[in-house]
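# Tertiary structure, described
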Amino acid sequence: MSAAARPIRVGVQIAPQHAPYGVLRDAVARMEDLGVDLVMGWDHFFPLTGDPDGAHLEAFTMLAAIAEQTSRVEFGPLVAATPFRNPDLLADMARTIDHISARDGGAGRFILGLGAGWFERDFTEYGVEFGTVGSRLGEFEAAVPRIRARLSALQPPPTRHIPILIGGGGERRTLRVVAEHADLWHAFGDEATLVRKSAILDEHCRAVGRDPATIERSTGTSVRGLGVGDPVAAERFVELGFSTFILAVSPPELDDRALRELLAWRDARR
Amino acid sequence: MSPATVRPIRIGVQVQPQHAPYSAIRDTVRALEDLGVDVVFNWDHFFPLTGEPDGLHFESWTMLAAIAEQTSRVEFGALVNCNSYRNPDLQADMARTIDHISAHATGTGRFIFGTGSGWFERDYDEYGYEFGTVGSRLDDLAEALPRIEARWAVLNPAPTRDIPVLIGGGGEKKTLRLVARHADIWHSFASPEVLERKLGILAEHCAAEGRDLAEIEVSVEHRSGDPAGADTLLALGATLFTVGIGGPDYPLDGVRRMLAWRDGLTG
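These numbers come from a predicted model, not from an experiment. (Residues numbered from 1 in each chain as written. Chains lettered and ligands numbered in written order. Predicted model: local features only at pLDDT ≥ 70, side-chain atom pairs only at ≥ 80, totals over all residues. Heavy atoms only, no water.)

The next point concerns the overall build of chain B. When helices and strands are tallied, chain B shows 10 helices and nine strands. For chain B, the C-alpha atoms occupy an extent of roughly 45 × 40 × 40 Å along the three principal directions. A fraction of 74% describes how many contacts in chain B between residues 6 or more apart in sequence connect residues 24 or more apart. Accessible surface computed for chain B: about 9900 Å², of which carbon and sulfur atoms make up 52%. A distance of 2 Å separates the average location of the 24 positive side-chain charges in chain B from that of its 38 negative side-chain charges. (Helix = DSSP H or I, 4+ residues; strand = E, 2+ residues; numbered from the N terminus. Contact = heavy atoms within 4.5 Å. Areas by Shrake-Rupley, 256 points an atom, 1.4 Å probe, with all protein chains shown as cover. Lys, Arg positive; Asp, Glu negative; His and termini not counted. Charge placed at Lys NZ, Arg CZ, Asp CG, Glu CD.)

All right, on to the overall build of chain A then. From N to C terminus, chain A includes nine helices and nine strands. Computed over its C-alpha atoms, the radius of gyration of chain A comes to 17 Å, within 12% of the 18 Å expected for a compact globule of 270 residues. Based on the C-alpha atoms only, the size of chain A along its principal axes is roughly 45 × 45 × 40 Å. Counting all 270 residues of chain A, 60% fall into the buried class. In chain A, of all internal contacts separated by at least 6 residues, the share reaching a separation of at least 24 is 77%. About 9900 Å² of surface is accessible on chain A, with carbon and sulfur atoms providing 53% of the total. Between the mean site of the 30 positive side-chain charges and the mean site of the 37 negative ones, chain A shows a separation of 4 Å. (Rg over C-alpha atoms; globule rule 2.2 N^0.38 Å. Buried < 20%, exposed > 50% of the residue type's maximum accessible area, 1.4 Å probe, protein only.)

Moving on, we come to the interface of chain B and chain A. Think of interface size as the accessible area that goes away when the parts come together; that is how it is often given. Between chain B and chain A, the residue contacts involve 39 residues of the former and 39 residues of the latter. Together chain B and chain A conceal approximately 3200 Å² of surface at their shared face, both sides included; 58% is due to carbon and sulfur atoms. When residues of chain B are sorted by the area they lose upon contact with chain A, T62, E69 and Y127 of chain B head the list and together hold 20% of the total. At the junction of chain B and chain A, the tally comes to four salt bridges. Where chain B touches chain A, the interface holds 19 residue pairs in polar contact (both at pLDDT 80 or more). Counting only elements with at least two residues in the side of chain B that touches chain A, the list comes to α2 (22–35), α3 (60–70), α4 (88–101), α5 (121–127) and α6 (134–154) of chain B. If one sorts the elements of the side of chain B that touches chain A by residue count, α4 of chain B sits on top with nine residues. (Buried area = accessible area lost by both parts, 1.4 Å probe. Salt bridge = Lys/Arg side-chain N within 4 Å of Asp/Glu carboxyl O. Polar contact = N/O pair within 3.5 Å; in protein donor to acceptor, adjacent residues only side chain to side chain.)

Throughout the structure, instances matching the rule amount to two cavities of 30 Å³ or more. Computed from the structure, the largest cavity encloses a volume of approximately 130 Å³. As for the largest cavity, its lining consists of 15 residues, of which I14, M40, G41, M62 and I66 of chain A are closest to the centre. Residue composition of the lining of the largest cavity, by class: 13 nonpolar, one polar and one charged. Size it by volume and the second largest cavity reaches roughly 40 Å³. Together, V15, Q16, P17, I25, V29, V40, F41, N42, M63 and I67 of chain B line the second largest cavity. Residue assignment for the lining of the second largest cavity shows that the elements contributing at least two residues are α2, β2 (39–42) and α3 of chain B. Take the lining of the second largest cavity: its biggest share by element is three residues, from β2 of chain B. (1 Å grid on protein atoms, 1.4 Å probe; cavity = no way out; pocket = protein on both sides within 12 Å on 5 of 7 lines; lining within 4 Å. Points joined across faces, edges and corners; volume = space filled by probe spheres on them. Nonpolar A, V, L, I, M, F, W, Y, C, P; charged D, E, K, R; others polar.)

Where helix α2 (residues 59–69) of chain A meets α3 of chain B, the closest approach of the two axes is 7 Å, and the angle between their N-to-C directions is 50°. Here α2 of chain A lies oblique to α3 of chain B, going by the angle between them. Of the two possible hands of crossing, α2 of chain A and α3 of chain B adopt the one that is right-handed. Between α2 of chain A and α3 of chain B, the residues in contact are F60, T61, A64, A65, E68 and Q69 of chain A and W61, T62, A65, A66, E69 and Q70 of chain B, respectively. Within the contact of α2 of chain A with α3 of chain B, the residues separate by chemical class into six nonpolar, four polar and two charged. (Axes fitted to C-alpha atoms, helices over the stretch in contact; angles between N-to-C directions. Parallel < 35°, antiparallel > 145°, perpendicular 65-115°, else oblique. Left-handed = near helix turned anticlockwise from the far one by under 90°.)

In this section: the sheet that holds strand β8 (residues 216–220) of chain A. Residues and elements named next belong to chain A. Spatial strand order, β3-β2-β1-β9-β8-β7-β6-β5-β4: nine strands in an open sheet with parallel pairing. Where the open sheet ends on each side, the last strands, each with one partner, are β3 (74–77) and β4 (80–81). Taken together, the three bridges between strand β6 (residues 164–167) and strand β7 (residues 184–186) define a ladder with parallel strand orientation. By the bridge assignment for β7, L165 is matched with L184. Taken strand by strand, α2 contacts β3, β4 and β5 (112–115), and its axis lies near 170° from that of β3. (Pairing = 2+ DSSP bridges.)

A word on the packing of aromatic side chains. All chains considered together, the criterion is met by 26 aromatic pairs over all chains. The interplanar angle of 40° and the centroid separation of 4.9 Å between the aromatic rings of Y85 of chain B and Y129 of chain B together place this pair among those described as tilted. Here Y85 of chain B is found in the loop between β4 (81–82) and α4, whereas its partner Y129 of chain B is found in the loop between α5 and α6, with 44 residues between them in sequence. Assigned by exposure class, Y85 of chain B and Y129 of chain B land together as buried. In this arrangement the basic side chain of R136 of chain A is found over the ring face of F123 of chain A, its NZ or CZ atom lying 6.0 Å from the centre. (Phe/Tyr/Trp six-rings, centres within 6.5 Å; stacked < 30°, edge-to-face > 60°. Lys NZ or Arg CZ within 6 Å of the ring centre and 35° of its normal.)

Residues and elements named next belong to chain B. All buried positions along helix α9 (residues 227–236) are accounted for by P227, A230, L233 and L234. Buried positions in α9, seen along its axis, are confined to an arc of 105° and lie on one side of it. The N-terminus of α9 is capped by D226, whose side-chain oxygen sits 3.0 Å from the backbone nitrogen of A228. Directly after α9, the chain includes G237, whose backbone phi takes a positive value near 125°. (Arc of directions from axis to C-beta.)

Below, the discussion takes up the pairing of strand β6 (residues 165–168) of chain B. Residues and elements named next belong to chain B. Of the strand pairs in this sheet, strand β5 (residues 111–116) and β6 are connected by three bridges, and their pairing is parallel. Considered in β6, the bridge of F113 is made with V165. Read from β6 through helix α7 (residues 175–182) to strand β7 (residues 185–188), the crossover connection turns out right-handed. (Right-handed = clockwise from strand over helix to strand, strands pointing away.)

Following this line, the structure appears as structure tokens:
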């Protein structure tokens, strides 16, 4: 599908921190009712903002519960850190969640977001080798093809081609992996930055024989204050080839005003 | 007082996550909860253990999280988790998160952390884990259990209850010592003769560890679903009886017999 033909999609990332699970479950239900297209989590072991020892819950078990709870939205981690789990196991979990989320013979709704990992405290406290940016990228480059190979070998197979979202903007290596393997590319940045990275992604696509238009481009905001997500900025990003916008909300406030504005913009454009 | 007289008799069902679509697994779990089963288990493998080796199979922990959301009364867990497949701190975090997901009805979670050292070589070979030896896998489990307990002690939020630890296996030197040190439930596949001997050995390990054997719930796989055989195991001290059922049909007749037996005993 070309960028111009893609529907505009608005997602939310609900930070699984500073809240009991009941609050997160209710937030997911409210977001599905609000009409968001994607409900994303993240894959950390400690809060990224606020009290560093505040409440925090695990990604994939929550996502499996969300598969059971919801009936319409697509959902997934934004993003899973590949060093935390064996890649074949990660594929098996993704495929199982895909099946859990498929209702009444329909297709599953899981999106497999992947990244190399970066939050050092996760690694040191849980005893996972942190290494260097380079070593983590090396692992990532090895993990993604292994995940795809396992996805294609599992019985039963996924109910649909599970979209692979890759997060990150590393120009030489991460964007190469995006060109080779991703269905969606997600990155944060201002307009100038993302225009440059998007062009570099296009070059990688040409180098590996991939049509750049087959990669859905996604941006938005993070709880750490990265990125942009107001309708004016989003309109500009649409002109630049982006079609998916994911805004982060975090407990305890779960402030969704910006999200509602963006949903209204999406609906007006449709 | 023997454990059997103070503990409720419980019926577990292991819903083998093989040879069935997920919808059949979900429907079976619902039926079991409605029937009055006490504990629903799955297992932690990547390929079928019986029947067509490349038949349908699903992943354990993600299913357990969905079961946490789906059910409101039964306890549930893996029979058993394979310790080799996931980082121990991550196991603790997943267990605690599932515990919270499952607490929606009463505020108290229903997850049982069933674990073991692993044994099914094909899982290891195909997914790229080091198989090692029985001894090395047991050593890994011995290192993992204190790490899991330590992680539970510091996680925020804390688990909603002391998550029961079930350890599966009958290895007399290493496994039963781990049971004495860490387990709330000991699970075995033993016949009555073997069970009697292993309970004696477990009692010795408990004495050495300063643990009261009566604190440990004795769990047995009761494949036949035949209440007559269960009476013998009950007399030896077993109180948790688990029937295994396989996909795609998941027959419930043995489960119903065991539930009637339980209800007849407990009035």
